[in-house]
Amino acid sequence: MQLCIALDLPTMEENLELVKKIGDAPVWLKVGFRSYIRDGKEFLENIKSINPQSKIFLDLKLYDIPNTMADAAEEIALLEVDMFNIHASAGEKAMREVMQRLDKFEQRPLVLAVTALTSFDEMTFESIYEKGIKEKAMQFAKMSYDNGLDGVVCSAFESKMIKDATSASFLTLCPAIRPFGEDASDQSRVATLEVARDEMVDFPVVGRPIYKDIDPASKVEKILKVIKTFHS
Ligand code: C5P
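Residues numbered from 1 in each chain as written. Predicted model: local features only at pLDDT ≥ 70, side-chain atom pairs only at ≥ 80, totals over all residues. Heavy atoms only, no water.

The chain appears in an unreviewed UniProt entry as Orotidine 5'-phosphate decarboxylase from Sulfurovum sp. enrichment culture clone C5. UniProt's Pathway (unreviewed entry) comment on the chain is quoted here verbatim: "Pyrimidine metabolism; UMP biosynthesis via de novo pathway; UMP from orotate: step 2/2." If you open the UniProt record of the chain and go to Function (unreviewed entry), you find "Catalyzes the decarboxylation of orotidine 5'-monophosphate (OMP) to uridine 5'-monophosphate (UMP)." (UniProt positions renumbered as here; feature names shortened; annotations may be inferred.)

What follows is the structure, encoded as structure tokens:
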């Protein structure tokens, strides 16, 4: 299990301040739309110069026609980030083209597919996808696995099921983690680190419980300590 911290603060300066506080801890840092659109490559370079140990997950959720997605995937690989994601609903052809395009890179980033956005309630999801969230998430996960992706973004409560249906090495990255049962805020189905472990989550994503803590560095340390016990 590897901790992934969401850099969701409003400005680049605040995000970099958080990265500095975290120090050289071996963590993944999630860069989303807002920061990347505003601060771009410079932000990624700044992160790397503060913590060269950290790994970067570019959370841009690509969704377009296959060729455009493959073009974007290639540009992302050139940024030398360690992981990015696409929407599974872009389809199998898009998945294959993205993976084929990354073949030429000696060290390509990991590619994950978003199954179902956690903001959907069951009814809204069904009105778009004509299936329930769980069923569709499983279908999307199998499709991603069959087309050579490295894993999926899913709810912690679907992680084990997805691994059982694909492979234990097929990665799961799960938001809405409240490591020690902190306030759920706007997330509906939150999981603790213990639940994440039982569900075999590879990357628990934690945002607010870290950056809203009065001492983010100690919080990260505390989380890493617990994760370490899972591996021993
Ligand atoms: O602050 P919190 O720990 O809830 O942050 C969760 C992070 O995961 C946020 O960056 C949010 O945008 C992201 N995310 C999510 N649900 C998804 C995909 C991403 O909460 N399905």
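From this point, the discussion proceeds with the structure in view.
Asks: Can you break down helix α4 (residues 92-102) residue by residue, with the values?
Replies: What α4 keeps buried is the set Ala94, Met95, Val98, Met99 and Leu102. Axial view of α4: buried residues confined to an arc of 125°, hence all on one face. Those residues of α4 that are buried are in contact with α3 (66-78), β4 (83-87), β5 (110-114) and α6 (133-146). (Buried < 20%, exposed > 50% of the residue type's maximum accessible area, 1.4 Å probe, protein only. Helix = DSSP H or I, 4+ residues; strand = E, 2+ residues; numbered from the N terminus. Arc of directions from axis to C-beta. Contact = heavy atoms within 4.5 Å.)

Asks: Residues and numbers for the pairing of strand β8 (residues 203-206), please.
Replies: In regular strands, side chains alternate between the two faces of the sheet. On β8, burial covers both faces: Phe203 and Val205 on one face and Pro204 and Val206 on the other are all buried. As defined by bridge partners, strand β7 (residues 171-174) adjoins β8 across 2 bridges and the pair is classed as parallel. Residue pairing for β8: Cys174 is matched across the bridge by Pro204. Read from β7 through helix α8 (residues 193-198) to β8, the crossover connection turns out right-handed. (Pairing = 2+ DSSP bridges. Right-handed = clockwise from strand over helix to strand, strands pointing away.)

Asks: Before we move on, could you go through the nonpolar core and cite the residues and values that matter?
Replies: Counting residues in each nonpolar core, the largest one holds 60 residues, and the members touching the most others are Leu3, Ile47, Phe84 and Ile86. Each residue touching Ile47, except ones within four places of it in the same chain, is listed here: Leu7, Leu16, Val19, Leu29, Val31, Ser54 and Ile56. (Core = buried A, V, L, I, M, F, W, Y, C linked by side-chain atoms within 4.5 Å.)

Asks: Which residues make up the site of the ligand, and what values go with them?
Replies: As a structural note, the neighbourhood of the ligand is formed by Ala6, Asp8, Lys30, Thr118, Pro175, Arg178, Gln187, Val205, Val206, Gly207, Arg208 and Pro209. A distance of 3.0 Å separates an oxygen atom of the ligand from a polar side-chain atom of Lys30. Relative to its unbound accessible surface of 470 Å², the ligand loses 85% to contact with the protein. Taken together, the elements giving at least two residues each to the shell around the ligand come down to β8 and α9 (208-211). For the shell around the ligand, the class distribution of residues is 5 nonpolar, 3 polar and 4 charged. (Near = heavy atom within 4 Å. Polar contact = N/O pair within 3.5 Å; in protein donor to acceptor, adjacent residues only side chain to side chain. Areas by Shrake-Rupley, 256 points an atom, 1.4 Å probe, with all protein chains shown as cover. Nonpolar A, V, L, I, M, F, W, Y, C, P; charged D, E, K, R; others polar.)

Asks: So what's going on with the side chain of Thr115? Which residues, and what values?
Replies: Residue placement: Thr115 occurs in the loop between β5 and α5 (122-129). A relative accessible area of 4% places Thr115 in the buried class. In this structure the side chain of Thr115 is engaged in a polar contact, spanning 2.9 Å, whose partner is the backbone oxygen of Val153. Ignoring any residue separated from it by four or fewer positions in sequence, one finds Thr115 in contact with Ala137, Phe140, Ala141, Val152, Val153 and Cys154.

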